[in-house]
Amino acid sequence: MESSCKYGFVKMDDESFDRLSTFVTREYGIKLPLSKKSMLESRLNKKVKSLGLDSYKTFLDYLFSKEGMQAEVFNVIDLITTNKTDFFREAAHFQFLTQDFLPRYQQEHSCNNINVWSAGCSTGEEPYTLVMALEEYRKRHPELTYSLLASDISVRVIQIAFQGIYTIDRIENIPMEMRRAYFMRSKTDRRLVRVKPQYRNKIEYRRINLMDDQYSVQRENYDMIFCRNVLIYFDKQVQERVLRKFCNHLRHGGLLFLGHSESIMGMNLPLKQVRPTVYQTVV
């Protein structure tokens with residue numbers, strides 16, 4: 001039985017949890033075990049009350065109506081998804097990319113134009129790190145050009161990434177010289193910085209659901225795909241389906257970067273491991 005406490009907190013019954021978690025897993029691949037129930041309650045409580053509803057049953061009835069699917073489903077997914085990221089997270093990936101892989105790849109493929117896809121870009125730290133890494137590389141190899149696509153399921157985090165505004169503490173691990181080169185201090189709030197416009201404009205943003213049968217990107221068009229700390233929310237069967245689709249969008253010899261706790265072990269994929277959590281396409 002659903003009930004509200006004296007502070008107006010709406011409790012979620014097991015039937016509503018099962019209904020919501022089944023929908024989220026089916027449509028977006030995100031696993032929501034029963035242990036996530038209290039997290040869902042806390043994140044969705046304000047939304048339920050803002051709609052003037054007093055139970056999750058009535059909330060889900062509305063959410064799954066034609067009107068609710070158009071007006072609220074993306075907002076609910078935004079509230080459910082977790083977006084933990086940092087600039088230069090798993091720094092070894094960027095070192096390998098610019099110090100080892102790119103010089104060889106340019107030479108072997110006679111390729112000076114690099115296409116990169118940051119899938120699950122969250123609030124933008126990963127794609128902006130890629131911009132900084134590639135711009136630093138271009139100081140030594142000015143012939144290189146690149147295009148960068150950043151995608152996420154969450155419209156909210158894409159909007160944050162597009163703005164490129166962060167608190168000063170978010171860039172503390174970036175060397176001072178790079179901070180000066182790629183960020184500007186807010187004139188109205190000294191606690192904020194913003195990525196300079198010439199670097200914000202390097203990135204194209206798109207909303208892409210990795211559960212879709214086909215992605216709205218060109219096949220065999222990408223030299224690198226970063227999808228780090230996203231697959232951990234999927235079960236293994238879904239992980240393999242997503243990774244196979246990524247392989248279809250990678251050029252021969254291109255790289256797939258996964259998160260430190262993710263692996264392709266036991267999967268039948270045209271990939272070989274070249275570094276920890278870095279895989280290269282093979283015929």
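This structure is a prediction, so every number in the text was calculated from the model and none was measured.

A.B. asks: What exactly am I supposed to notice about the overall build of the protein chain here?
C.D. replies: Looking only at helices and strands, the protein chain has 11 helices and 10 strands in total. Compactness check: the protein chain gives a C-alpha radius of gyration of 21 Å against a globular reference of 19 Å for 283 residues, within 12% of the reference. Dimensions along the principal axes, computed over C-alpha positions, put the protein chain at roughly 65 × 55 × 30 Å. The buried share among the 283 residues of the protein chain stands at 50%.

A.B. asks: What is the right way to look at the environment of G120 in this model?
C.D. replies: Tracing the backbone shows G120 in the loop between β1 (113-119) and α7 (125-140). Spatially, the C-alpha atoms of G120 and Q198 are 23 Å apart, while their sequence positions differ by 78 residues. Setting aside residues up to four positions removed in sequence, G120 forms contacts with S151, D152 and V230.

A.B. asks: Looking at this model, I keep getting lost on the sheet that holds strand β9 (residues 271-275). Mind explaining?
C.D. replies: Neighbouring strands of a sheet are bound in pairs by backbone hydrogen bonds; such pairs are parallel or else antiparallel. Read from one edge to the other, the open sheet built from 7 strands follows the order β6-β2-β1-β7-β8-β10-β9, with strand pairing classed as mixed. The open sheet terminates on both sides in strands that have one partner only, identified here as β6 (203-207) and β9. In this sheet, adjacent strand axes meet at a mean angle of 20 degrees when their direction is disregarded. Judged from the 5 bridges that link them, strand β7 (residues 222-227) and strand β8 (residues 250-258) form a sheet pairing that is parallel. The partner of C227 across the bridge, within β8, is L258.

A.B. asks: Please clarify how the confidence of the model for the protein chain should be interpreted in this entry.
C.D. replies: Predicted coordinates in areas of low pLDDT are best not read in detail. Taken residue by residue, the protein chain gives an average pLDDT of 89. The fraction at 70 or more is 96%. Segment residues 1-7: pLDDT under 50, and 14 contacts once partners within four positions in sequence are set aside and those in other chains are kept.

A.B. asks: Which parts of the structure should I look at to understand the environment of R138?
C.D. replies: Note on placement: R138 falls in helix α7. In this structure R138 comes out as partly exposed when scored by relative accessible area, which is 24%. R138 sits 40 residues away from T98 along the chain, and the two C-alpha atoms are 9.6 Å apart. When sequence neighbours within four positions are dropped, the list of residues in contact with R138 reads L144 and Y146.

Cut-offs and rules
Residues numbered from 1 in each chain as written. Predicted model: local features only at pLDDT ≥ 70, side-chain atom pairs only at ≥ 80, totals over all residues. Heavy atoms only, no water. Helix = DSSP H or I, 4+ residues; strand = E, 2+ residues; numbered from the N terminus. Rg over C-alpha atoms; globule rule 2.2 N^0.38 Å. Buried < 20%, exposed > 50% of the residue type's maximum accessible area, 1.4 Å probe, protein only. Contact = heavy atoms within 4.5 Å. Pairing = 2+ DSSP bridges. Axes fitted to C-alpha atoms, helices over the stretch in contact; angles between N-to-C directions. pLDDT = per-residue confidence, 0-100.

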